[in-house]
Amino acid sequence: QQHLIDGLLMALLADGHILVEGPPGLAKTRSIKMLASCVESHFHRIQFTPDLLPADLTGTEIYRPQNGTFVFQPGPLFNEIILADEINRAAAKVQSALLEAMEERQVTIGRKSYHLPPLFMVMATQNPLEQEGTYPLPEAQLDRFMLHLELDYPSAEDELSILRLNHSESKEEESSEAPKITQLQIFAARQYSLQVIASTPIENYIVNLVMATRHPQAYDADLARWLAYGVSPRASIALLRCARVRAWLAGRNYVTPDDVQYCIYPVLRHRIMLTVEAEADGITANDLIAILLQKVVIA
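Residues numbered from 1 in each chain as written. Predicted model: local features only at pLDDT ≥ 70, side-chain atom pairs only at ≥ 80, totals over all residues. Heavy atoms only, no water.

Caption draft 1: Main features of helix 10 (residues 233-249). A rise of 1.5 Å per residue sets the reference length of helix 10, with its 17 residues, at 24 Å; its end C-alpha atoms lie 25 Å apart and thus fit the reference within 8%. All of the buried residues along helix 10 are Ala235, Ala238, Leu239, Leu240, Cys242, Ala243, Arg244, Val245 and Ala247. After helix 10 finishes, the residue Gly251 shows a positive phi value of roughly 85 degrees. (Helix = DSSP H or I, 4+ residues; strand = E, 2+ residues; numbered from the N terminus. Expected span 1.5 Å × (residues − 1). Buried < 20%, exposed > 50% of the residue type's maximum accessible area, 1.4 Å probe, protein only.)

Caption draft 2: Summary view of the pairing of strand 1 (residues 18-21). Of the two faces of strand 1, the one holding Ile18 and Val20 and the one holding Leu19 and Glu21 are both buried throughout. Summarising the sheet, strand 1 and strand 8 (residues 121-126) pair through 4 bridges and their orientation is parallel. Paired with Val20 across the two strands is Thr125, which belongs to strand 8. (Pairing = 2+ DSSP bridges.)

Caption draft 3: Up close: the state of the cysteines. Within this structure, the stated rule accounts for 0 disulfides. Here Cys263 is not disulfide-linked; the sulfur of Cys242 is the nearest cysteine sulfur, at 5.4 Å. Given the relative accessible area of 0%, Cys263 is considered buried. (Disulfide = S-S within 2.5 Å.)

Caption draft 4: Geometry of the sheet that holds strand 9 (residues 147-150). On the basis of which strands lie adjacent, the open sheet formed by 5 strands has the order 2-5-8-1-9 and parallel pairing. Each of the sheet's edge strands pairs with one partner strand only, and the pair in question is strand 2 (43-47) and strand 9. For this sheet the average axis-to-axis angle between neighbouring strands, irrespective of direction, equals 15 degrees. Across 4 bridges, strand 5 (residues 81-85) lies against strand 8 in parallel orientation. Within strand 8, the position partnered with Ala84 by the bridge is Ala124. Along the sheet, helix 2 (residues 28-38) makes contact with strand 1, strand 2, strand 5 and strand 8, crossing strand 8 at roughly 165 degrees. (Axes fitted to C-alpha atoms, helices over the stretch in contact; angles between N-to-C directions. Contact = heavy atoms within 4.5 Å.)

Caption draft 5: Local environment of a nonpolar patch on the surface. Together, Ile5, Leu9 and Leu249 make up a nonpolar patch on the protein surface, roughly 230 Å² of accessible area in all. Position of Leu9 among the secondary structure elements: in helix 1 (residues 2-13). (Patch = residues over 30% accessible without salt bridge, like charges linked within 9 Å, V, L, I, M, F, W, Y side chains within 5 Å. Areas by Shrake-Rupley, 256 points an atom, 1.4 Å probe, with all protein chains shown as cover. Salt bridge = Lys/Arg side-chain N within 4 Å of Asp/Glu carboxyl O.)

Caption draft 6: Representation of helix 1 within the structure. The end-to-end C-alpha separation of helix 1 is 17 Å, in line with the 16 Å expected for 12 residues at 1.5 Å each. Along helix 1, the residues classified as buried are Leu4, Gly7, Leu8, Met10, Ala11, Leu12 and Leu13. Looking at the residues trailing helix 1, positive phi occurs at Asp15, about 60 degrees.

Caption draft 7: Looking closely at the nonpolar core. One finds Ile18, Val260 and Leu268 to be the most contacted residues of the largest nonpolar core, which totals 60 residues. The element contributing the most residues to this core is helix 10, with 8 residues. Residues contacting Ile18, with those up to four places away along its chain left out, are Gly7, Leu8, Ala11, Met121, Val122, Met123, Ala124, Phe145, Leu147 and Leu149. Core analysis: the second largest hydrophobic core is formed by 26 residues, Phe48, Ala97, Ala101 and Phe120 among them. (Core = buried A, V, L, I, M, F, W, Y, C linked by side-chain atoms within 4.5 Å.)

As structure tokens, then:
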């Protein structure tokens, strides 16, 4: 699924977090593990469950009776690449432990804050099919994910490729470890992507798309009836950064409207809040984004 690979690369180079939603068995966990294996980093997978505690993520202070002091024991968040598997199975107090880590890149234990690694990326997965025993992610946390990718079942041709790949991997012996991309190379790539030119019409186009979610009545009556709340400034920042990264990956030093239109779906679909009328009419966030692209023109 090429859009998953594109999303992972965009999130890595745009310094953001990613939420992947899809049925089980579609290699969501494998994809982030493969990404971590290609990067000079420490990887940790956290299986979210209803009985998970915030300290299971952040770490805790351990009392040493030998000298009567407390020593901080870092948790799994102190790794560069984190896989939060089935994130919606944890309670709200665990979700709140991720808010500070994802936004401030630090965790606070007691009176002291501890900085996370400079290269810090969270990829969370959730299963849309099973809702029993799950906790919907709060809007404040959803807004901190730069991208939201949706996965569906592969086509018959892709399924055949999966079978052959799995068979060939089962027969191969353990090969030597390939050279990894260093963190310095990733930081340099981020700086190069930030130098990609976004002209004033492109910036205005992004702003108009965002403003259309906040004032939909100026564009379309149905849009105003289906949209409950608009997106935050984080959306416009993420949209421009992802468009720059996509242009840089394509070998261009300028952003085109196609870059914006490709990135707007994963950037906005989890930030748009639908009304009850939209759900009753069977309207999804993707449908609203398609209407936005039709109504908002490039100046």
